[in-house]
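Letter by letter, the chains look like this.
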Amino acid sequence: MRDLASIYVPANRTKVLVIAGLLVTAIAVVDWLTKPFISLGFLYLFPIMIVGGYLSRGQIIGVSLLCAFLQEAFSDLPGNEAVVRLVFSSTGFIGTGLFVSELLHNRRIVLKHVEELKNQVNLRQDAEEQQRMLVESSPAAIITIDSNGMILLANEAAQQLLAPGAQPLRGQPISSYLPSLQTAVQTRPSRVFRTTLQCRGQRSDGEAFLAGIWFSTYTSISGPRLAAIVVDLSEDLRSREDLSLNHLLKNSRILMSAVAHEVRNLCAAVLVVQKNLSRLSELQHNEDFQALSMLIQSLEKISATELQVSPTQNAGAVELTSVLDELRVLIESAYHDSEMEIEWQIQESLPRVWADRYGLIQVFLNLAKNSQRAMQRSETKRLSVSASDAGSTVVVRFEDTGVGISAPENLFRPFQRGADSSGLGLYVSRAIIHSFGGELLYERRPRGCCFAVVLPSLSTSSKEVINA
């Protein structure tokens, strides 16, 4: 059948139809020559079977009728039965041609469907291979577990994270490593979860770590399943806590310096009064007055602590564009909720700056929140954040359409009267910028206010930046 079907290909159409035509002609001639002896009309079935794979139904009927007519014309059978023979032969020829046509048509459909199935199988195998390679090559641990909490799949990263050097994870209970996942898959198994969590994890050697998990549940033929991506957040936690401690100590030192500055001013005023009182003869030998003088001097020494600017401490090369992108994520949602607009005018290809990334975020957040408070009652609520290269420095400006500043000369003094909280925000922000050699300036505007953060640019040499 396959060898016969190989004849019916589009490339052979013309050649086969010519052969079929010659075969019909040959049968008719032979039938005419052998007319007195035998009828060869049955041989027309062969050319009809041949053309059935190429011609339409109408054309097949036409050829069948032609062959039936030729059979009757060259046969030596009784004439009174010619009509009956013509009907039966036509029906037989037409049925044979249509049968072959439908048979080949159905075969083509089956072959096409088989080809499509092969392509789908190949595509599926390719997708499964890509997925397998993605899972195996992922630096994050990927695992799947069943409804009983048994590990069904674990990539190499999961093996190294949970059981380095131990037996394969597949078939082991997840409760030995991540008990929270066991709880998740067994709690309300009909519910679909797509969420994240942080929990305690434990390696095969008993070492505990902080696990960050992104997981989802799904239902398969065998029951509920859970797929999870697991990462070790222990190092990130340590780094974050160390960074938070360093900045807490740094900001505490700035605050203590502000307090000491105010106490020193009070001590200076009290010292003036004490010196005036010391001129009174009756207080010269008063022990309480002398003790008070010693207390004032001691308090003045204690309050003599000043913030020492150290441009190199905790500072380094910072990509300012990425810092502003992070700021954008932090403040845009709050501004949108307050129905305020933010315009970003960031120059392309900004040079890196000498600064402390965490300190810059703190300062930018403080300026953005100050502008947000200042625009609460304004008709136009718009904050413009711009950054531009000024040669040896990079200037970042925060300009708003708020109520403005009535007494700008007192802006950077601690414990200001009328401030929303302690009045230390701008004082601390300026001290942070000073700590890595930058400057925080107030620029007057006809409406609203504008603060400029001037940062040393690394387009100059590192030595010049540090000494700026």
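Everything below is about the structure printed above this text.
Residues numbered from 1 in each chain as written. Predicted model: local features only at pLDDT ≥ 70, side-chain atom pairs only at ≥ 80, totals over all residues. Heavy atoms only, no water.

Chemist: Explain the nonpolar core to me, please; I cannot follow it from the model alone.
Modeler: Looking at soluble globular proteins, one finds that nonpolar side chains tend to be buried together. Of all hydrophobic cores here, the largest spans 43 residues; its most connected members are Leu-320, Leu-360, Phe-364, Phe-436, Phe-451 and Val-453. Core analysis: the next-biggest nonpolar cluster, separate from the first, contains 23 residues, Tyr-177, Leu-178, Ala-211 and Ala-228 among them. (Core = buried A, V, L, I, M, F, W, Y, C linked by side-chain atoms within 4.5 Å. Buried < 20%, exposed > 50% of the residue type's maximum accessible area, 1.4 Å probe, protein only.)

Chemist: Help me out: how do you make sense of the sheet that holds strand E12 (residues 450–456) in this one?
Modeler: Strand-to-strand pairing in sheets goes through backbone hydrogen bonds, with the strands running parallel or antiparallel. Spatially, the five strands line up as an open sheet ordered E7-E9-E10-E12-E11, and their pairing is mixed. Of all strands in the sheet, those with a lone pairing partner are strand E7 (341–346) and strand E11 (439–443), marking the two edges. On average, adjacent strands in this sheet sit at an angle of 15° to one another, irrespective of strand direction. The sheet contact formed by E7 and strand E9 (residues 382–389) spans six bridges and is parallel. Among the inter-strand pairings, Ile-346 is bridged to a residue of E9, identified as Ala-387. Of the strands in this sheet, E7, E9, strand E10 (393–400) and E12 touch helix H10 (residues 320–337), which is tilted by about 170° from E7. Across the sheet, helix H12 (residues 425–435) touches E11 and E12, and the angle it forms with E11 is around 130°. (Pairing = 2+ DSSP bridges. Helix = DSSP H or I, 4+ residues; strand = E, 2+ residues; numbered from the N terminus. Axes fitted to C-alpha atoms, helices over the stretch in contact; angles between N-to-C directions. Contact = heavy atoms within 4.5 Å.)

Chemist: Sorry if this is basic, but what is going on with the pattern of salt bridges here?
Modeler: Any two side chains of opposite charge can pair, given that their charged atoms come close. For the structure shown, the criterion picks out 11 salt bridges. Across the salt bridge formed by Arg-203 and Glu-207, the nearest N and O atoms sit 3.3 Å from each other. Taking relative accessible area as the criterion, Arg-203 reaches 11% and is therefore assigned buried. Since its relative accessible area comes to 44%, Glu-207 is described here as partly exposed. (Salt bridge = Lys/Arg side-chain N within 4 Å of Asp/Glu carboxyl O.)

Chemist: Could you clarify how one ought to interpret the packing of helix H2 (residues 13–33) against helix H4 (residues 57–73) in this entry?
Modeler: Each packed pair of helices is defined by two parameters, the angle between the axes and the distance between the axes. Their axes nearest at 9 Å, the elements H2 and H4 cross at an angle of 15°. Judged by the inter-axis angle, H2 sits roughly parallel to H4. Classified by chirality, the crossing of H4 by H2 is right-handed. Note on element contacts: H4 touches H2 through Cys-67, Leu-70 and Gln-71, opposite Val-24, Ala-28 and Asp-31. Considering only residue class, the contact of H2 with H4 consists of four nonpolar, one polar and one charged. (Parallel < 35°, antiparallel > 145°, perpendicular 65-115°, else oblique. Left-handed = near helix turned anticlockwise from the far one by under 90°. Nonpolar A, V, L, I, M, F, W, Y, C, P; charged D, E, K, R; others polar.)

Chemist: Whenever I open this one, H10 confuses me. Can you help?
Modeler: Since the α-helix turns once every 3.6 residues, residues separated by three or four places project in the same direction. Between the first and last C-alpha of H10 there are 26 Å, a value that for 18 residues agrees with the 26 Å anticipated at 1.5 Å per step. Helix geometry: H10 is bent most strongly at Ile-331, by close to 35°. Those residues of H10 that sit buried are Leu-320, Val-323, Leu-324, Leu-327, Ile-331 and Tyr-335. (Expected span 1.5 Å × (residues − 1). Bend = angle between axes of the 7 residues up to and from the residue.)

Chemist: Sorry, what's going on with H12 here?
Modeler: When you tally the buried positions in H12, you get eight out of 11 residues, the bulk of the element. Taken residue by residue, H12 has Leu-426, Tyr-427, Val-428, Ser-429, Ala-431, Ile-432, Ile-433 and Ser-435 as its buried positions. Of the residues trailing H12, Gly-437 is marked for its positive phi of about 80°.

Chemist: I tried to follow the side chain of Ser-89 on my own but got confused; where do I start?
Modeler: Examined against the element boundaries, Ser-89 turns out to sit in helix H5 (residues 82–137). Leaving out residues up to four positions away in the same chain, Ser-89 has contacts with Ala-68 and Gln-71.

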